[in-house]
Amino acid sequence: MQYSFPPDLQKLIDARLATGQYSTADELLREALRALTEEDDDLLAVRDAVTQWRAGDDGTPLIEAFDEIRRDSDHGQP
């Protein structure tokens, strides 16, 4: 698919493509949108945790949170 970008954005895209990490602009844009979606999801999770904390929820002890993250990463979870 063809895209028309302003010169400054096209320069950034060309620089990323030049690294060889992405073979097409489509691939680069797909990954950028995936990363943006993940960032939005993470921000919502942080906001939700802050809201719960302000409402009096003590949350998960840090050691338990780390253990959960380790378990998830051992099973190929993000």
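Everything below is about the structure shown above.
Residues numbered from 1 in each chain as written. Predicted model: local features only at pLDDT ≥ 70, side-chain atom pairs only at ≥ 80, totals over all residues. Heavy atoms only, no water.

In this section: a nonpolar patch on the surface. A cluster of nonpolar side chains, Val-46, Val-50 and Trp-53, forms an exposed patch at the surface whose accessible area comes to about 300 Å². Take Trp-53: it is sitting in helix α2 (residues 25-54). The exposure class of Trp-53 is exposed, given its relative accessible area of 58%. (Patch = residues over 30% accessible without salt bridge, like charges linked within 9 Å, V, L, I, M, F, W, Y side chains within 5 Å. Areas by Shrake-Rupley, 256 points an atom, 1.4 Å probe, with all protein chains shown as cover. Salt bridge = Lys/Arg side-chain N within 4 Å of Asp/Glu carboxyl O. Helix = DSSP H or I, 4+ residues; strand = E, 2+ residues; numbered from the N terminus. Buried < 20%, exposed > 50% of the residue type's maximum accessible area, 1.4 Å probe, protein only.)

On to the pattern of salt bridges, then. By the definition in use, this model includes 3 salt bridges. The closest approach of N and O atoms between Arg-34 and Glu-31, which form a salt bridge, is 2.6 Å. You can see Arg-34 and its partner Glu-31 sitting in helix α2, 3 residues apart, about one turn around the helix. Using a relative accessible area of 28% as the deciding quantity, one classes Glu-31 as partly exposed. Linking Asp-67 and Arg-70 is a salt bridge whose minimum nitrogen-to-oxygen distance equals 3.4 Å. Of this pair, Asp-67 and Arg-70 both sit in helix α3 (residues 62-74), 3 residues apart, which is roughly one turn of the helix. Taking the relative accessible area as the measure of exposure, Asp-67 reaches 33% and is therefore partly exposed. Salt bridges linked by common partners bring Glu-31, Arg-34 and Glu-38 together as one network.

Now for the environment of Asp-57. Mapped onto the secondary structure, Asp-57 falls in the loop between α2 and α3. Look at Asp-57 and you get partly exposed, because its relative accessible area is 37%. Between the C-alpha atoms of Asp-57 and Arg-30, which are 27 residues apart in sequence, the distance is 37 Å. Within polar-contact distance, the side chain of Asp-57 engages the backbone nitrogen of Gly-59 at 2.7 Å. (Polar contact = N/O pair within 3.5 Å; in protein donor to acceptor, adjacent residues only side chain to side chain.)

A word on helix α1 (residues 7-18). Over its 12 residues, α1 extends 16 Å from the first C-alpha to the last, a length consistent with the 16 Å expected when each residue adds 1.5 Å. Downstream of α1 by a residue or two, Gly-20 has a phi angle that is positive, lying close to 85°. (Expected span 1.5 Å × (residues − 1).)

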